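Fold and contact review
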Amino acid sequence: MYSVETIIAWYREHADALRAAREEQRELLAARPMRPKLDDIEAEISYLTVRALRPHTVVEIGSYHGWSTSWLLRALRDNGDGVLHTYDRVDHAARSLPDELTRTRWRFVRGDVRAAELPGDPGFVFVDALHTAGFARWYTAGLFDHLKPGVAVAVHDVYHGRRPWPGSEGAVLLRWLRERGIAHLTASRHGDPDLRDHLTGVKRRLRMAAPVHAGTHDPMAFFSTVEPGE
């Protein structure tokens, strides 16, 4: 699912809608204290994943002030279908996000996601929460191992350097992926600078070169679940 060619095709197919979403995100950031942690390319690939795959159910673990939440909700709105289920110990996003985004497509649960009942059949799972090895062991074994084949997954805070730090959340995730033979994609300037440069060039040609925000935090990994042994 997550190949360079696929990502570029998504950018081209949804270019008009993505340009509009980017402008809306700029306006949101100017109006509200969002404190974005998601880099533009990470946010755009997440938006494009929802647009392209059209999942009815999206799960977001960790929202903080709601920057990633707003991108996901815009994608569901632009699809005209789907619900985002967000889990976080703090409710900053509930106070930051505009009502027109959250009114019909958002279900927010405050508290520890490990004690929550998650929807049974998500099409996209986005994780940016407690950045510890222990939490990573929980979501890989307790959540990812039970996802159906073909579910898209995005996990933040993996590539802070060329390789994840030993004993980190990222190290746990990459070990889990290796053990199952699952390939992943990152557009991190540390993890894959060539891909990042390539996508930046694609964005420039599509008139999306100007940054939405000035953040440079881009350690996300994307992958999709597969059949055991595939």
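Our structure's up above, just so we're on the same page.
Now for a look at the structure at hand. Please read all numbers here as calculations on a predicted model, not as lab measurements.

**Overview of the packing of aromatic side chains**
- Following the criterion strictly, the structure yields eleven aromatic pairs and no others.
- On the basis of an interplanar angle of 50 degrees and a centroid distance of 5.1 Å, the ring pair of Tyr139 and Phe144 is categorised as tilted.
- Centroid distance Phe144 to Phe223: 5.8 Å. Interplanar angle 75 degrees. Geometry classified as edge-to-face. Here the residue Phe144 occupies a position in the loop between α7 (133-142) and β5 (152-155), and Phe223 occupies one in strand β6 (residues 221-224), the gap between them amounting to 79 residues.
- By relative accessible area, which is 2% here, Phe144 ends up buried.
- By relative accessible area, Phe223 is classed as buried at 0%.
- One aromatic cluster is present, formed by Phe135, Trp138, Tyr139, Phe144, Trp176 and Phe223 through successive ring pairs.

**Observations concerning the packing of α7 against helix α8 (residues 169-180)**
- Where α7 contacts α8, the two axes come as close as 7 Å, and the packing angle between them is 30 degrees. Here α8 runs roughly parallel to α7, going by the angle between their axes. The two elements α7 and α8 cross, and the hand of that crossing is right-handed. Between α7, through Ala133, Ala136, Arg137, Tyr139 and Thr140, and α8, the contact on the second element is made entirely by Glu169, Val172, Leu173 and Trp176.
- A class-by-class count of the residues in the contact of α7 with α8 yields six nonpolar, one polar and two charged.

**A closer look at the pattern of salt bridges**
- Inspection of every chain in the model, using the stated rule, returns 19 salt bridges.
- In this structure, Asp39 engages Arg189 in a salt bridge whose closest nitrogen and oxygen atoms are separated by 3.7 Å. Separated by 150 residues along the polypeptide, Asp39 in the loop between α2 (15-31) and α3 (40-53) and Arg189 in the loop between α8 and α9 (193-205) bring together distant segments of the chain.
- By relative accessible area, Asp39 is classed as buried at 3%.

**Here we look at the nonpolar core**
- Residues Tyr2, Ile7, Tyr11, Ile45, Phe124 and Leu199 are the most contacted members of the largest nonpolar core, which totals 43 residues.
- Residues Val59, Leu143, Leu173 and Trp176 belong to the second largest nonpolar core, which totals 26 residues.

**Examining the sheet that holds β5**
- The six strands are arranged β3-β2-β1-β4-β5-β6 in an open sheet whose pairing can be described as mixed. The sheet is open, and its two borders are formed by β3 (106-110) and β6, each paired with just one other strand. Between one strand axis and the next, the sheet turns by 15 degrees as a mean value, whatever way the strands run.
- In terms of strand pairing, strand β1 (residues 57-61) meets strand β2 (residues 83-88) through five bridges, oriented parallel. Bridging from a neighbouring strand, Ile61 pairs with Tyr87 of β2.
- Against the sheet, α3 engages β1, β4 (124-127), β5 and β6, with an angle of about 165 degrees to β4.

About the thresholds
- Residues numbered from 1 in each chain as written.
- Predicted model: local features only at pLDDT ≥ 70, side-chain atom pairs only at ≥ 80, totals over all residues.
- Heavy atoms only, no water.
- Phe/Tyr/Trp six-rings, centres within 6.5 Å; stacked < 30°, edge-to-face > 60°.
- Helix = DSSP H or I, 4+ residues; strand = E, 2+ residues; numbered from the N terminus.
- Buried < 20%, exposed > 50% of the residue type's maximum accessible area, 1.4 Å probe, protein only.
- Axes fitted to C-alpha atoms, helices over the stretch in contact; angles between N-to-C directions.
- Parallel < 35°, antiparallel > 145°, perpendicular 65-115°, else oblique.
- Left-handed = near helix turned anticlockwise from the far one by under 90°.
- Contact = heavy atoms within 4.5 Å.
- Nonpolar A, V, L, I, M, F, W, Y, C, P; charged D, E, K, R; others polar.
- Salt bridge = Lys/Arg side-chain N within 4 Å of Asp/Glu carboxyl O.
- Core = buried A, V, L, I, M, F, W, Y, C linked by side-chain atoms within 4.5 Å.
- Pairing = 2+ DSSP bridges.

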